[in-house]
Amino acid sequence: MPSLNYFVKGLLSAAGVFVYVALISLFFSNTKDMFGSVPTPNMLIPMMMLLLFVFSAAVTGLLVFGGPVYLFLDNRKGEAVKLLSSTLFFLLVLVLLVILALLGI
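Below is a short write-up of the structure.

Here is what the cut-offs are and how they apply
- Residues numbered from 1 in each chain as written.
- Predicted model: local features only at pLDDT ≥ 70, side-chain atom pairs only at ≥ 80, totals over all residues.
- Heavy atoms only, no water.
- Salt bridge = Lys/Arg side-chain N within 4 Å of Asp/Glu carboxyl O.
- Buried < 20%, exposed > 50% of the residue type's maximum accessible area, 1.4 Å probe, protein only.
- Phe/Tyr/Trp six-rings, centres within 6.5 Å; stacked < 30°, edge-to-face > 60°.
- Helix = DSSP H or I, 4+ residues; strand = E, 2+ residues; numbered from the N terminus.
- Lys NZ or Arg CZ within 6 Å of the ring centre and 35° of its normal.
- Axes fitted to C-alpha atoms, helices over the stretch in contact; angles between N-to-C directions.
- Parallel < 35°, antiparallel > 145°, perpendicular 65-115°, else oblique.
- Contact = heavy atoms within 4.5 Å.
- Nonpolar A, V, L, I, M, F, W, Y, C, P; charged D, E, K, R; others polar.
- Bend = angle between axes of the 7 residues up to and from the residue.
- 1 Å grid on protein atoms, 1.4 Å probe; cavity = no way out; pocket = protein on both sides within 12 Å on 5 of 7 lines; lining within 4 Å.
- Points joined across faces, edges and corners; volume = space filled by probe spheres on them.

## Concerning the pattern of salt bridges
Side chains carrying opposite charge are able to pair once their charged atoms draw close together.
Inference 1: Counting across every chain of the model gives two salt bridges.
Inference 2: The partner of aspartate 74 in a salt bridge is arginine 76, with the nearest N and O atoms 3.5 Å apart.
Inference 3: The partly exposed category is assigned to aspartate 74, whose relative accessible area is 40%.
Inference 4: Overall, arginine 76 belongs to the partly exposed group, its relative accessible area being 31%.
Inference 5: Note that arginine 76 is salt-bridged to glutamate 79, the shortest N-O span being 3.7 Å.
Inference 6: A single salt-bridge network, built from bridges that share partners, covers Asp74, Arg76 and Glu79.

Shown next as structure tokens:
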């Protein structure tokens, strides 16, 4: 029965990544309304993008790899592989669902 527990934890981790990406996408789709028109040669725009990229890598890395690394360091390697596999599986399912939504299927 512990496998089901890791299956659910993987689903929750993937859902967390999905929600985070959806919020960032919502932010990007509304930047013009929030900030208005910004002159092109502004150095702050690429700086914000790179900082957000680094922050996003840290957040999603923690959501995907945090639990498995903890289990691995606790010498529960098999459980770490199960959790990482289930998280990646659910992320793939979410990617496929988004692709299907884009295609209108």
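Following the structure, the description resumes.
## Some thoughts on the packing of aromatic side chains
Inference 1: Counted under the stated rule, the structure contains four aromatic pairs.
Inference 2: Aromatic side chains tyrosine 20 and phenylalanine 55 sit 6.4 Å apart centroid to centroid with 55 degrees between the ring planes, which places their arrangement in the tilted category. With tyrosine 20 in helix α1 (residues 2-29) and phenylalanine 55 in helix α3 (residues 44-73), this residue pair connects regions lying 35 residues apart in the sequence.
Inference 3: Following the ring pairs from residue to residue traces out a cluster consisting of Phe7, Phe89 and Phe90.
Inference 4: Over the ring of phenylalanine 72 we find lysine 77; its NZ or CZ atom is 5.0 Å from the centre of that ring.

## Here's the deal with the packing of α3 against helix α4 (residues 77-103)
Inference 1: Running from N to C, α3 and α4 point in directions that differ by 170 degrees, and their axes come no closer than 7 Å. Between α3 and α4, the interaxial angle falls into the category roughly antiparallel. Together, Val64, Phe65, Gly67, Pro68, Leu71 and Phe72 of α3 and Lys77, Glu79, Ala80, Leu83, Leu84, Thr87, Leu88 and Leu91 of α4 make up the contact between the two elements.
Inference 2: Here the residues of the contact of α3 with α4 sort into 10 nonpolar, two polar and two charged.

## Section: α3
Inference 1: Bending of α3 peaks at approximately 50 degrees at the position of phenylalanine 65, with proline proline 68 no more than four residues after it.
Inference 2: Considered for burial, the residues of α3 that qualify are Leu52, Ser56, Val64, Pro68 and Leu71.
Inference 3: Trailing α3 by a residue or two, asparagine 75 shows a phi angle of about 65 degrees, which is positive.

## Examining the layout of surface pockets
Empty space among the atoms becomes visible once a probe the size of a water molecule is rolled across them.
Inference 1: Size it by volume and the second largest pocket reaches roughly 190 Å³.
Inference 2: Together, Val17, Phe18, Val21, Ala22, Leu91, Leu94, Val95 and Val98 line the second largest pocket.
Inference 3: Those elements that place two or more of their residues in the lining of the second largest pocket are α1 and α4.
Inference 4: Taken together, the residues of the lining of the second largest pocket break down into eight nonpolar, no polar and no charged.

By themselves, these are just geometric observations and shouldn't be taken as functional.
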